[in-house]
Amino acid sequence: MTETVVFDLDGTLVDTLPDIAAAANAVLAAEGRRALSRDEVCRLIGSGGRVLMANAFRATGEPVSEARIDAAFAAYIAAHEADPVAGSAPFPGVHAALEALSERGTRLAVCTNKPGRLAEIVLETFELTKFFAGVVAGDTLPTRKPSPEPLVEAVARAGGAGRKAAMVGDSPIDAEAARAAAIPFVAVSFGYSPVPATQLGADAVIDGFEELAGALEGLG
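Draft legend 1. Local environment of the nonpolar core. Of all hydrophobic cores here, the largest spans 54 residues; its most connected members are Phe7, Leu13, Tyr76, Leu98, Leu128, Phe132 and Leu212. The leading source of residues in this core is helix H1 (residues 17-30), at 7 residues. Beyond its immediate chain neighbours, meaning those up to four positions away, Leu128 contacts Val14, Val94, His95, Leu98 and Leu123. The next biggest cluster of nonpolar side chains, apart from the first, holds 19 residues, and it includes Val6, Leu151, Ala165 and Ala187.

Okay, structure coming up:
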């Protein structure tokens, strides 16, 4: 039985795309750039806000200097923090799935590339904080996913070191981190991956959180 489960946040537990897109597009508008579509933002999410803004500049015109990207990232964080969850919502079945896992004694954690303060706001707003023994965010360690260190740290913070663990996520970055950490990976099909979930090399793919318990049991 899987004893520890680590979840990605954006595109896995919570649909945060509307607010990420709004913040990114606010910065692009101030820079005189066009807005990104939902599909474009989907393809850019996953590596953190700074990479998102760097890629957003590339997608909307000429690349810019590192200093300008730094300034854009700061503006993106400010815009996101000003209204972080206006359009966000947990995916259907999240609370019930986490409650069921908690009741059977599974240790739960979050591993996200989202900055810690924003991750905290999202988890608190949607009453998810209580389920997680540990949260490792994009600014918790010197490295971020797809490096395995954040995922390993999330397992440790949940008290799951040395126990059977799995990761649940939606992107190639999550899949790569899980492989690097030698942890089974469960992909959700409803997230923000630029490729179909069935092409992520996952040990299991779920179309909804009602399938999660069965997928975890099927890991053997």
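We are not done yet, so read on.
Draft legend 2. Here's a closer look at the environment of Leu108. Along the chain, Leu108 turns up in strand S4 (residues 107-111). C-alpha separation for the pair Leu108 and Asp8, spaced 100 residues apart in sequence, amounts to 11 Å. In this structure Leu108 touches Val5, Phe7, Leu98, Leu101, Ser102, Phe131, Phe132, Ala133, Gly134 and Ala158, once residues within four positions along its chain are discounted.

Draft legend 3. Structural detail: helix H5 (residues 94-103). Inspection of H5 places Val94, Ala97, Leu98 and Leu101 among the buried residues, and these make up the whole buried set. Down the axis of H5, the buried set is contained in an arc of 95°. They therefore lie on one face. Opposite the buried face of H5, at more than 90 degrees from it, the exposed residues are Ala96 and Glu103. The inward-facing, buried residues of H5 contact strand S1 (4-7), strand S3 (89-90), S4 and helix H9 (212-217). Among the residues trailing H5, Gly105 stands out with phi positive, at a value near 90°.

Draft legend 4. Looking closely at H1. Over its 14 residues, H1 extends 20 Å from the first C-alpha to the last, a length consistent with the 20 Å expected when each residue adds 1.5 Å. Along H1, the positions that sit buried rather than exposed are Leu17, Asp19, Ile20, Ala21, Ala23, Ala24, Asn25, Val27 and Leu28. Contacts made by the buried residues of H1 are with strand S2 (14-15), helix H2 (38-44), helix H3 (49-60) and helix H4 (66-82). After H1 finishes, the residue Gly32 shows a positive phi value of roughly 75°.

Draft legend 5. Quick peek at the packing of aromatic side chains. This model, assessed by the stated rule, comprises 3 aromatic pairs. Measuring from ring centre to ring centre gives 6.1 Å for Phe7 and Phe132, while their planes differ by 70°; the resulting arrangement is edge-to-face. Of this pair, Phe7 sits in strand S1 while Phe132 sits in the loop between helix H6 (116-125) and strand S5 (134-136); the two residues are 125 residues apart in sequence, bridging distant segments of the chain. A single burial state applies to Phe7 and to Phe132, both of which are buried. Seen from their ring centres, Phe190 and Phe209 are 5.7 Å apart, and the 45° between their planes marks the pair as tilted. Here Phe190, found in the loop between strand S7 (185-188) and strand S8 (204-206), pairs with Phe209, found in the loop between S8 and H9; they are 19 residues apart in sequence, far enough to count as distant. Residue classification places Phe209 among the buried positions, given a relative accessible area of 3%.

Here is what the cut-offs are and how they apply
- All residue numbers refer to positions counted from 1 along the written sequence of the respective chain.
- Only residues with pLDDT of at least 70 are given local features in this predicted model, and only at 80 or more are side-chain atom pairs given and counted; all residues enter the totals for whole chains, interfaces and linings.
- In computing side-chain properties, one takes all heavy atoms of the structure into account and sets aside hydrogens as well as water.
- Here, nonpolar core refers to any group of buried Ala, Val, Leu, Ile, Met, Phe, Trp, Tyr and Cys residues whose side-chain atoms link them within 4.5 Å.
- Exposure categories follow from relative accessible area, calculated using a 1.4 Å probe and restricted to protein chains: below 20% of the type maximum is buried, above 50% is exposed, and the middle band is partly exposed.
- Where helices and strands are cited, they refer to DSSP runs of H or I of at least four residues and of E of at least two residues respectively, numbered from the N terminus.
- By definition in these notes, contact holds between two residues if any of their heavy atoms fall within 4.5 Å.
- Taken from the helix axis, the directions to the C-beta atoms give the arc we talk about.
- To estimate how far a helix should reach, multiply one less than its number of residues by 1.5 Å.
- Only the six-membered ring of Trp is used, alongside the rings of Phe and Tyr, when aromatic pairs are assigned; centres must lie within 6.5 Å, and planes under 30 degrees apart are stacked while those over 60 apart are edge-to-face, with the rest tilted.

Everything listed is a geometric property; what it means functionally is a separate question.
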